Amino acid sequence: MFKQLSLRRRESLWGYVFISPWIIGFIVFTAGPMLASMILSLTHYNIAEPPTFVGLTNYVKLFTQDQKFWHALRVTMTFAFVAIPLNLAFGFIVAYLLNMKVPGVAFWRTIYYLPSVMPGVATALLWGLLFNPRVGVLNWILSLVGIKGPGWLASPQWALPALILMSLWGVGGGMIIYLAGLQGIPTSLYEAAQIDGANRLQQLLKITLPLMSPVIFYNLVTGIIGTFQYFTDAYVLTGGGPVDATLFYNLYLYKQAFTYRNMGYASALAWVLFLIVLAFTLLVFRSSDLWVYYEGEMRS
Amino acid sequence: MKDNRIKSKKATNRLETIISLIILSIGVIIISIPLLWMVSSSLKGKNAVNTFPPQWIPREPLKVQVDGRNCYMYEIPINGTVRQMALYKKEGPTGTFVNPEDPTERYELPVGDGKRITQIKLHWENFSLALQAAPFGRYALNTLLIVVFGTLGTLLSCTIVAYGFARFRAPGLNWLFLILLATVMLPPQVTLIPTFIIFSRIHWYDTLYPLIIPTFFANAWDVFMLRQFFMSLPRELDEAAIIDGCSYWCILWKIIVPQSFPALATVTIFSMLYAWNDFYEPLIYLQSPRHWTLALGLQGFNALYTKQGHLLMAASLMMALPPIITFFLAQRIFIQGVVVSGIKG
């Protein structure tokens, strides 16, 4: 094929041929649907009847009348602002301790990472039992120290904290990435610092944290994106309740689309979700100039 | 003087290690409690799941048959020695205790003096009961179909596309690569609804196709990882192969792929894990139970058997075991994969 073309042209053409599966996929499964969902977000559409164009009605309704939208946003943000920092901190602490030349790193790493490979539904069902207010393990442990445990998933105040607590079970995911980053820091830096008389805390603040900031940054960005995808645990355990206490954004979108069949409205929700995630990610990227340190980078 | 300093430094290092180990152990205990609870619950009898305080090792009262009657075994002091007797009959606070070996030997004693004997009882039958309670074979088959073909599609398409991005120069290719990377940021919800409508229109709703076919069109994560790996391979072999008359296609399969097994193993493991564990997409595309995957089946099982925690945990454990075993066997690949996609990303 392409024999009569110059070598350069032939190479280019073959390049396009090899990436063509992705190009086709991109058009059919990404670009096309993106455009379609933008158009759909301007319509009322329930699949059974053809869509009717309604302009910006969906967006106006969303921002001005839909209490549940704001509520879902609040739930998701609360989760993001509490669970992400906790996960970042605990993951970092575990990795930092593992990096202190403790014996049996592989063993510890395995146990900490194990929850991250479990199927989401199985994990959710397991925690459903642990959270049982009457006979659950969690309230039993609390009762050992004389605390009467709350209703957890059955309680509007405690359902969201319960899911946050549960998310901490997955610290191993971030931990592995931190650990690899920590192992990549040259020991010569610490040795030099020790000669200069820096103690552990100073080494942590002046060497480890700055050099780890790109990894922390990466975990932060994926954490934000992940929170807006949060679905399985809430769907399986609470279905968004009690009284919408765990109505996460993605769950609300799912309900609008597949329970109420409001495809146009759900598309608008999807686009708002996209813009929020984009805004957050850009904000984090922008702020990264202030706190993320890249080796070999020239400061302007 | 210097010697002392070194010694004290060693001592602090020792102390640091010990403190680290203590904190890590506390963490491991916290992490393990749910896992142990899952295993323990899956082996309990129907009544032992909902006891308080919780039982970690399932125990049940020991029973024997005396004169065709089921009796609990007790440890009870008789004439100064503690003996094991069966409680045959109970009237008010006193009971008739019988020697199970010699039923004629009987004593009337206060039941309160005795202690019921319990023994460890593991209900292995929970696993087969759970399997019979729902068509898990069917669910497993569906899941395996998605795992096998989804992984095949991912491997095939991502290898080809990554090769295109790694080894060819063409106008606009760099831009296309940036677009590919940007799609990582795109929340799937933005494309979900139109994609769902398309699949419904071509009557693929409630079939496995929507979960398999898209994998044949490559995804950003795996393409990115494979491209990075391919780019680290020396080009000399490619060039030698071209001189020998090998086509680009043949270079990919004869030169690139054989050198890339570690990276391909990572893609394989993660796409298998994803397909096995995924809940969201099957929930959207699969409606009738005969098409359900294990994740959906487990959730459906939960809806029916809420009160039967032992069967629920038996089923959950069975679904969790393949990923856990794979993880233990292929730890290095797992950890490398997380790190490669994490650090370089």
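These numbers were taken from a predicted model, which means no experiment stands behind them. (Residues numbered from 1 in each chain as written. Chains lettered and ligands numbered in written order. Predicted model: local features only at pLDDT ≥ 70, side-chain atom pairs only at ≥ 80, totals over all residues. Heavy atoms only, no water.)

Attention shifts here to the overall build of chain A. Along the backbone of chain A there are 13 helices and 2 strands. The C-alpha atoms of chain A give a radius of gyration of 24 Å, which is well past the 19 Å a tight globule of 300 residues would have. If you line up chain A on its principal axes, its C-alpha atoms span 75 × 70 × 40 Å. When burial is assessed residue by residue, chain A has 51% of its 300 residues classed as buried. Contacts in chain A between residues far apart in sequence, at least 24 positions, make up 65% of those at least 6 positions apart. Accessible surface computed for chain A: about 14200 Å², of which carbon and sulfur atoms make up 67%. Taking the 17 positively charged and 10 negatively charged side chains of chain A as two groups, their mean positions are separated by 6 Å. (Helix = DSSP H or I, 4+ residues; strand = E, 2+ residues; numbered from the N terminus. Rg over C-alpha atoms; globule rule 2.2 N^0.38 Å. Buried < 20%, exposed > 50% of the residue type's maximum accessible area, 1.4 Å probe, protein only. Contact = heavy atoms within 4.5 Å. Areas by Shrake-Rupley, 256 points an atom, 1.4 Å probe, with all protein chains shown as cover. Lys, Arg positive; Asp, Glu negative; His and termini not counted. Charge placed at Lys NZ, Arg CZ, Asp CG, Glu CD.)

Secondary structure assignment for chain B yields 14 helices and 8 strands. Here chain B has a C-alpha radius of gyration of 31 Å; the compact-globule value for 345 residues is 20 Å, and the former is much larger. Overall, the C-alpha framework of chain B stretches about 100 × 80 × 40 Å when taken along its three principal axes. Expressed as a percentage of its 345 residues, the buried residues of chain B come to 48%. Residue pairs at least 24 apart in sequence account for 65% of intrachain contacts in chain B once pairs closer than 6 positions are excluded. On chain B, roughly 17800 Å² of surface is accessible, and the fraction owed to carbon and sulfur atoms is 64%. Taking the average location of the 29 positive side-chain charges in chain B and that of its 20 negative ones, the two points are 7 Å from each other.

What follows is about the state of the cysteines. All names here are of chain B. The final tally for this structure, using the stated rule, is 1 disulfide over all chains. Disulfide pairing is shown between cysteine 246 and cysteine 250; the S-S distance is 1.6 Å. As the torsion about the S-S bond is roughly -65 degrees, the cysteine 246-cysteine 250 disulfide counts as left-handed. This pair shows no difference in class: cysteine 246 is buried, exactly as cysteine 250 is. (Disulfide = S-S within 2.5 Å.)

Let us look at the layout of surface pockets. In this structure, the second largest pocket encloses a volume near 850 Å³. What lines the second largest pocket is a set of 27 residues, and nearest its centre among them are Lys101(A), Gln194(A), Arg200(A), Gln203(A) and Asn13(B). Those elements that provide at least two residues to the lining of the second largest pocket are helix H3 (67-98), helix H8 (171-183), helix H9 (187-195) and helix H10 (200-229) of chain A together with helix H1 (2-42) of chain B. Per-element tally for the lining of the second largest pocket: the top contributor is H1(B), with 7 residues. A per-class count over the lining of the second largest pocket returns 11 nonpolar, 11 polar and 5 charged. (1 Å grid on protein atoms, 1.4 Å probe; cavity = no way out; pocket = protein on both sides within 12 Å on 5 of 7 lines; lining within 4 Å. Points joined across faces, edges and corners; volume = space filled by probe spheres on them. Nonpolar A, V, L, I, M, F, W, Y, C, P; charged D, E, K, R; others polar.)

What follows concerns the packing of helix H12 (residues 249-259) of chain A against helix H5 (residues 189-201) of chain B. Between H12(A) and H5(B), the least distance of the axes is 12 Å, while the angle of their chain directions is 15 degrees. Looking at the two axes, H12(A) sits roughly parallel to H5(B). Between H12(A) and H5(B) lies a crossing of right-handed hand. Residues Asn250(A), Leu253(A), Ala257(A) and Phe258(A) of H12(A) form the contact with H5(B), whose own contacting residues are Gln189(B), Leu192(B), Ile193(B) and Phe196(B). (Axes fitted to C-alpha atoms, helices over the stretch in contact; angles between N-to-C directions. Parallel < 35°, antiparallel > 145°, perpendicular 65-115°, else oblique. Left-handed = near helix turned anticlockwise from the far one by under 90°.)

A few words now on the packing of H3(A) against H8(A). Residue and element names in this part refer to chain A. Across the interface, H3 lies against H8 with an axial gap of 8 Å and an inter-helix angle of 50 degrees. Comparing the axis directions of H3 and H8 gives the class oblique. Remark: the crossing between H3 and H8 carries right-handed chirality. Contact residues: Asn87, Leu88, Phe90, Gly91, Phe92, Val94, Ala95, Tyr96 and Leu98 in H3; Val171, Met175, Tyr178, Leu179 and Leu182 in H8. Here the contact of H3 with H8 is built from residues that sort into 12 nonpolar, 2 polar and no charged.

If you check the domain split of chain B, you get domain 1 (59-120) and domain 2 (127-343). Between domain 1 of chain B and domain 2 of chain B, the C-alpha centre-to-centre distance is 60 Å. (Domains from an automatic or database assignment.)

The next subject is helix H7 (residues 220-232) of chain B. All names here are of chain B. Look at H7: 18 Å from first C-alpha to last across 13 residues, which is about the 18 Å you get at 1.5 Å a residue. Those residues of H7 lying buried are Ala220, Asp222, Val223, Phe224, Met225, Leu226, Arg227 and Phe230. For H7, the N-terminal capping position is held by asparagine 219, with its side-chain oxygen 3.2 Å away from the main-chain nitrogen of tryptophan 221. (Expected span 1.5 Å × (residues − 1). Polar contact = N/O pair within 3.5 Å; in protein donor to acceptor, adjacent residues only side chain to side chain.)

The next point concerns the pattern of salt bridges. Evaluation of the coordinates by the stated rule reveals 5 salt bridges over all chains. With a shortest N-O distance of 2.8 Å, Glu16(B) and Arg200(A) are connected by a salt bridge. Pair noted here: Glu16(B) is in helix H1 and Arg200(A) is in helix H10, and the two residues belong to different chains. Arg200(A) gets classed as partly exposed once you look at its relative accessible area, which sits at 33%. The shortest N-O distance in the salt bridge between Arg83(B) and Glu105(B) comes to 2.8 Å. In this pair, Arg83(B) sits in strand S4 (residues 81-91) while Glu105(B) sits in the loop between strand S5 (94-98) and strand S6 (106-110), placing the two residues 22 residues apart along the sequence. (Salt bridge = Lys/Arg side-chain N within 4 Å of Asp/Glu carboxyl O.)

Residue and element names in this part refer to chain B. Note that strand S2 (residues 63-66) and strand S3 (residues 69-78) share 4 bridges and pair antiparallel. Across the sheet, valine 66 pairs through a bridge with arginine 69, a residue of S3. The turn linking S2 back onto S3 is made up of 2 residues, and aspartate 67 within it adopts a positive phi angle of 50 degrees. As paired elements, S3 and S4 share 7 bridges and run antiparallel to each other. The partner of methionine 73 across the bridge, within S4, is alanine 86. Between S3 and the antiparallel strand that follows it, S4, lie 2 residues; asparagine 79 among them carries a positive phi value of about 50 degrees. Bridging between S3 and strand S7 (residues 115-116) involves 2 bridges; their strand directions are antiparallel. (Pairing = 2+ DSSP bridges.)

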